[in-house]
Amino acid sequence: MDGRADSETPDFDPALDARRARWTAALTGAVLALAGVAAAALRASGSAPVLVPAAYAAGAAVCALASVLGSRGRTRRALWLLVVGAMVMALGDQFD
């Protein structure tokens, strides 16, 4: 025993954490983008005002951009764009 039991931290792997964050941002962006496109298509075929499907489509585009940024490792920017994209889609829901 050398007295340094706290020097080993096998649970913390920065590369693994970065990979998880990258996959989380990319997959969440893709799911939100697909949901926004589906909502825009559904609202465009109905009697909703033009602003509603446009807001869903714009939010989906922002989430798709966040997915691309997340896959390239820009996770902080991607997560902020996911928040903005979801807010734009929520704004479209408020106009409905």
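Here, the structure is the one placed above.
Thresholds applied
- Residues numbered from 1 in each chain as written.
- Predicted model: local features only at pLDDT ≥ 70, side-chain atom pairs only at ≥ 80, totals over all residues.
- Heavy atoms only, no water.
- Helix = DSSP H or I, 4+ residues; strand = E, 2+ residues; numbered from the N terminus.
- Buried < 20%, exposed > 50% of the residue type's maximum accessible area, 1.4 Å probe, protein only.
- Contact = heavy atoms within 4.5 Å.
- Areas by Shrake-Rupley, 256 points an atom, 1.4 Å probe, with all protein chains shown as cover.
- Patch = residues over 30% accessible without salt bridge, like charges linked within 9 Å, V, L, I, M, F, W, Y side chains within 5 Å.
- Salt bridge = Lys/Arg side-chain N within 4 Å of Asp/Glu carboxyl O.
- Core = buried A, V, L, I, M, F, W, Y, C linked by side-chain atoms within 4.5 Å.

Draft legend 1. Inspection of the overall build of the protein at higher detail. Along the backbone of the protein there are 3 helices and 0 strands. Element order for the protein, N to C, with α for helix and β for strand: α-α-α. Burial status across the protein gives 23% buried among its 96 residues. Relative to all contacts within the protein whose residues are 6 or more apart in sequence, the contacts with residues 24 or more apart total 67%. Approximately 6800 Å² of the protein is accessible, and the part contributed by carbon and sulfur atoms is 63%.

Draft legend 2. Just a nonpolar patch on the surface, in detail. Taken together, the side chains of Leu51, Leu91 and Phe95 present a nonpolar region at the surface, about 280 Å² in accessible area. Mapped onto the fold, Phe95 is located in helix α3 (residues 75-95).

Draft legend 3. Looking closely at the nonpolar core. In terms of nonpolar packing, the biggest core is built from 11 residues, these being Ala25, Ala33, Ala39, Ala40, Val52, Tyr56, Cys63, Ala66, Ala78, Leu82 and Met89. Elements that contribute at least two residues to this core include exactly α1 (14-45), α2 (51-71) and α3. If we skip the residues at most four places from it in the chain, Leu82 touches Ala25, Thr28, Gly29, Leu32, Cys63 and Ala66.

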